[in-house]
Amino acid sequence: MRQTHKACKNMLLNKAGATVSLILLTLILAPLAKAKMAVDFDPNLDFSKFKTFAYSGGVNMLEFRQLNPNFISDRVHAGVSQVLNERGLKEVKMDEQPDLVIRYWANSQSSIVSAGVGDWGQFGQYVSDYWAYTFDMMTAESSLDASLVIDLIDLKRKDLAWRVYLEQKIVDDDSIWPKVLKEISKGFESYPPSKKEIDEKRKERAEHPPKPAAR
């Protein structure tokens, strides 16, 4: 009888311990639920030559309401301007022929929108060639995400120089975008890229050939 009582007591203690462990694990992991991030860039560019930038706005394909119509645009502008200014670049107007043009696209769909959707203006969407590898990797998830892509476009070449992907699971349409936008500075922590990062990017591109544009 004592053994049965002892076994039941041990079982209850084990269950309680497992519950406490699960709660502790949840509390530990909760702060880590940040935006998924990836960075892509052209390893053949000399980033020290970029001295100025201009903000051109972006393209929104959102399936739920924003906090206000200009919230994402204003926060992207402020966030990217701050990190580039800290790295010695100067913001100018679009008609002043900047070295880099900043553009963003925001989505709240199961995958980032196709090239046929949205008004991309004078610049393409850049989802083929060497840029396709990271693009395809970041859009492979089937769950509903909030996706923010920030492009730094080389105006002279009219091609990408740097691209940041930020994605977050959508759980609350009133709070999700502030969480994503808070991560902008992290997408530029390695700007300009180090020699090691350039070598790694060249190796990656050698292993993943350019993808032709869809016809």
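As shown above, the structure is provided for reference.
Every chain is numbered on its own, with residues counted from 1 as its sequence reads. Where local features are concerned, this predicted model is filtered to residues with pLDDT of at least 70; where side-chain atom pairs are given and counted, the filter is 80 or more; whole-chain, interface and lining totals use all residues. As a rule here, side-chain values cover all heavy atoms of the structure and leave hydrogens and water aside.

## Remarks on the nonpolar core
The nonpolar side chains of soluble globular proteins are, as a tendency, buried together.
Right, on to step 1. Ranked by size, the top nonpolar core spans 33 residues in total, and within it Val76, Leu148, Ile150, Trp177, Phe188 and Tyr191 carry the most contacts.
Right, on to step 2. Contributing elements (two or more residues each) for this core: β2 (52-61), α2 (71-86), β4 (100-107), β5 (145-154), β6 (159-169) and α4 (176-181).
Right, on to step 3. In this description a helix means any DSSP run of H or I spanning at least four residues, a strand means any run of E spanning at least two, and both kinds are numbered starting from the N terminus. If you tally residues by element for this core, the top one is α2, at six residues.
Right, on to step 4. In this structure, Phe188 is in contact with Val80, Val83, Arg87, Ile150, Leu152, Trp162 and Val164, ignoring residues within four places of it in sequence. Nonpolar core, defined: a set of buried Ala, Val, Leu, Ile, Met, Phe, Trp, Tyr and Cys residues in which side-chain atoms within 4.5 Å join the residues together. The buried label goes to any residue with under 20% of its type's maximum accessible area, the exposed label to any with over 50%, and the partly exposed label to all in between, with areas taken from a 1.4 Å probe on protein chains only. A contact between two residues is defined here by any heavy atoms of the two lying within 4.5 Å.

## Details of the packing of aromatic side chains
Right, on to step 1. For this analysis, a ring pair means two rings from Phe, Tyr or Trp (six-membered ring only for Trp) whose centres lie within 6.5 Å, classed as stacked if their planes differ by under 30 degrees, edge-to-face if by over 60, and tilted for the remaining angles. Under the counting rule described, the total for this entry stands at eight aromatic pairs.
Right, on to step 2. Measuring from centroid to centroid gives 5.7 Å for Phe47 and Phe50, while their planes differ by 75°, and the two rings are edge-to-face.
Right, on to step 3. The class of Phe47 is buried, set by a relative accessible area of 6%.
Right, on to step 4. For Phe50, a relative accessible area of 8% gives the class buried.
Right, on to step 5. Ring geometry for Phe47 and Trp162: centres 5.9 Å apart, planes at 85°, overall edge-to-face. Taken together, the residues span a long stretch of sequence, with Phe47 in the loop between β1 (36-41) and β2 and Trp162 in strand β6 at a distance of 115 residues. An identical accessibility class is assigned to Phe47 and Trp162; each is buried.
Right, on to step 6. Whether a charge sits over a ring depends on NZ of Lys or CZ of Arg being within 6 Å of the ring centre and within 35 degrees of the ring normal. If you follow Arg205 out to its NZ or CZ, it ends over the ring of Trp131, 4.7 Å from the centre.

## A word on the sheet that holds β2
One key point about sheets: their strands pair by backbone hydrogen bonds, in either a parallel or an antiparallel sense.
Right, on to step 1. The sheet built from six strands is open, its strands ordered β1-β6-β5-β4-β2-β3 with mixed pairing. In this open sheet, the two edge strands, each paired with only one partner strand, are β1 and β3 (90-91).
Right, on to step 2. Two strands qualify as a pair provided that DSSP identifies no fewer than 2 bridges between them. Direction of pairing for β4 relative to β5: antiparallel, over a ladder of eight bridges. Within β5, the position partnered with Val101 by the bridge is Ile153.

## Regarding the pairing of β2
Right, on to step 1. Burial runs high along β2: seven of the 10 residues are buried.
Right, on to step 2. Pairing of β2 with β4, which is carried by seven bridges, proceeds in the parallel orientation. Each bridged residue has a counterpart across the sheet, and for Tyr55 the counterpart in β4 is Ile102.

## Re the pattern of salt bridges
Right, on to step 1. A carboxyl oxygen of Asp or Glu within 4 Å of a side-chain nitrogen of Lys or Arg is what we treat as a salt bridge. Using the criterion set out here, one finds 12 salt bridges in the structure.
Right, on to step 2. Salt-bridge contacts for Asp154 lead to Arg157; the nearest nitrogen and oxygen are separated by 2.8 Å.
Right, on to step 3. A salt bridge links Glu183 to Lys186; the nearest nitrogen and oxygen atoms lie 3.6 Å apart.
Right, on to step 4. Among the residues examined, Glu183 registers a relative accessible area of 10% and is labelled buried.
Right, on to step 5. Put simply, Asp40, Lys201, Glu204 and Arg205 are held in one network by salt bridges that share partners.

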